Amino acid sequence: MWTEVERAAEAAAGRSIADLFETAGRAEAFSVRFDGMLLDYSKTALDEDARAALVQLAGAAGVAARRAAMFDGQPINETEGRAVLHSALRNLSGGAVMVEGEDIMPGIHATRARMAAFAEEIRQGSITDVINIGIGGSHLGPEMAVRALSPYHDGPRCHFVSNVDGADIADTLCGLDPATTLVIVASKTFTTIETMTNAATARAWMERAGVEPGPQFAALSSALEKTADWGIDPARVFGFGDYVGGRYSVWGPIGLAVMIAIGPERFEEFLTGAEAMDRHFLDAEPLENMPLMLALVGLWHHQGIGYGTRAVLPYDQRLARLPAYLQQLEMESNGKRVRMDGAPLTRPSGPVVWGEPGTNGQHAFYQLIHQGTAVVPCEFLVAAEGHEPDLAHHHRLLVANCLAQSEALMRGRGIDEARALMCEAGFAGAELERQAAHRVFPGNRPSVTLAYDRLTPRRLGQIVALYEHRVFVEGVILGINSFDQWGVELGKVLAGEMVPLLEGSDTTRKDGSTRQLVHFCKSYTG
Ligand SMILES: O=P(O)(O)OC[C@H]1O[C@](O)(CO)[C@@H](O)[C@@H]1O
């Protein structure tokens, strides 16, 4: 399957990206447009042949059939025997979605209507602060979206507590009034130790203040019996099916904090954007299909050429938490070592994903991106316009920086240009050569830019769904199950065993390093 891609990657070695623009229409031909968004992947070494090989790879891997199976509710999460239907949570205009012979849409619509009524009650009532207690998929999505949509935030203040580190909840509770705080316990399983520990601490905080926690707690979960055992009023519990994976769950009850922040109507716009991306993903031809092309570019860079990581660089401060969100989405989904059938992968799994908003990153790690020995394919995101008309000059600078970075990565600066600069600066001879060498930028470094009109709720929905489908396509082509996460289990088990050791139990069964670390920590806590 990969032979043609490998051949194309060999042919691309040493190819000048800049020279590809000598072909008229390169930028347009290596871009996809969809509903206020432009994905430009022309600043990569992909040529027509390489792209054709990748499209062929997607065909041979059966992406279209797998995509249809996912939207159709087939149990494509085979290691857990589950359907994968986060798309049903945003299926606003579509028809029935069947899981094991039952239409799940009436239940989804009813839950969303209950959420909307609850959100309005909170928005219009006396609650001043909302704390979402959850971790991973029960935290990163709502936190990222609330921040992204701050221009639309007209509900109570939202806070997010995730870490079991007591510092997280202590710093959050500090200064809040228990009588006017709503605590949302967000956990698909309602067993996650971090979340349940933080929830118990929040409940004790209310009780200590003489506030009855019942009316001020809500729960978002698939485990309704556990929320009841925990004492949360079923009227304040919003459930979802196990066909929604944690990291894909912001579209339903896990998005309650977003709905409270921006209101049910705007939340629906967020869903509408994702739904539009779903339709586009299902219907668009390969070269016009944004998630497919984004996935193929990712595979080209990581599995085809062998670049180890990819940087996500939003030139959009409100997307500051997007890299963290994508770290879970991409690495928990595609960071696997075996294929669906249990056989080892023959290709590298998904890449390390990292990033920070621009322009901040420019003053931190872009040095490595421009001159380090490892090539880092960069994915820039930028809005054509901001939300602050009075600060349009800021936005112009922001956009200029974003566009300049991708240009600089591609163009670089050759030794002759560097020598000329040093000559102008008064250097000569060996010292000129030495100084010039430091000012060379190898260039020819690939990047992709996703530009969009404005970060509205709809556009955010589109962007997030774009990445979800990108992860799906990459997973299908690698033969991975993108919807389980067995790799997080072992550490949880060992953490459970470690607690008694920190409380004084015998450590002799542990390795020397672990024993030493336990004894060091205990020496301070007794
Ligand atoms: O929503 P839950 O069940 O508390 O799980 C939180 C997170 O923990 C994980 O299971 C990983 O440990 C994630 O996949 C999930 O998003």
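The protein chain goes by Glucose-6-phosphate isomerase in an unreviewed UniProt entry, where it is assigned to Roseovarius tolerans. Checking UniProt for the protein chain, the heading Subcellular location (unreviewed entry) contains the comment "Cytoplasm".

**Student:** Got a minute to help me understand the UniProt feature "active site" (unreviewed entry) in the protein chain in this structure?
**Tutor:** When the UniProt feature table is mapped onto this chain, "active site" (unreviewed entry) is found at E332, H363 and K492. The greatest C-alpha distance among the annotated residues, which extend across 161 residues, is 36.5 Å, indicating that they are dispersed rather than converging on a single site. From this annotated list, the subset lining the largest pocket comprises E332 and K492. Other than its neighbours up to four places away in sequence, E332 contacts R247, Q327, D484, Q485 and V488. Mapped onto the elements of the fold, K492 is located in helix α20 (residues 489–502).

**Student:** I keep staring at the pairing of strand β6 (residues 157–161) and nothing clicks. Help me out?
**Tutor:** Every regular strand shows the same layout, with side chains that alternate between the two sheet faces. Where strand β5 (residues 129–133) meets β6, five bridges bridge the pair, whose relative direction is parallel. Considered in β6, the bridge of N132 is made with F160. Once you follow β5 into helix α7 (residues 140–148) and on to β6, the crossover reads as right-handed.

**Student:** What exactly am I supposed to notice about the domain arrangement of the protein chain here?
**Tutor:** Per the domain assignment, the segments of the protein chain are domain 1 (2–74 + 273–407 + 449–484), domain 2 (89–269), domain 3 (412–444) and domain 4 (487–525). On a C-alpha basis, the centroid separation for the pair domain 3 and domain 4 is 54 Å.

Rules of the game
Residues numbered from 1 in each chain as written. Predicted model: local features only at pLDDT ≥ 70, side-chain atom pairs only at ≥ 80, totals over all residues. Heavy atoms only, no water. UniProt positions renumbered as here; feature names shortened; annotations may be inferred. 1 Å grid on protein atoms, 1.4 Å probe; cavity = no way out; pocket = protein on both sides within 12 Å on 5 of 7 lines; lining within 4 Å. Contact = heavy atoms within 4.5 Å. Helix = DSSP H or I, 4+ residues; strand = E, 2+ residues; numbered from the N terminus. Pairing = 2+ DSSP bridges. Right-handed = clockwise from strand over helix to strand, strands pointing away. Domains from an automatic or database assignment.

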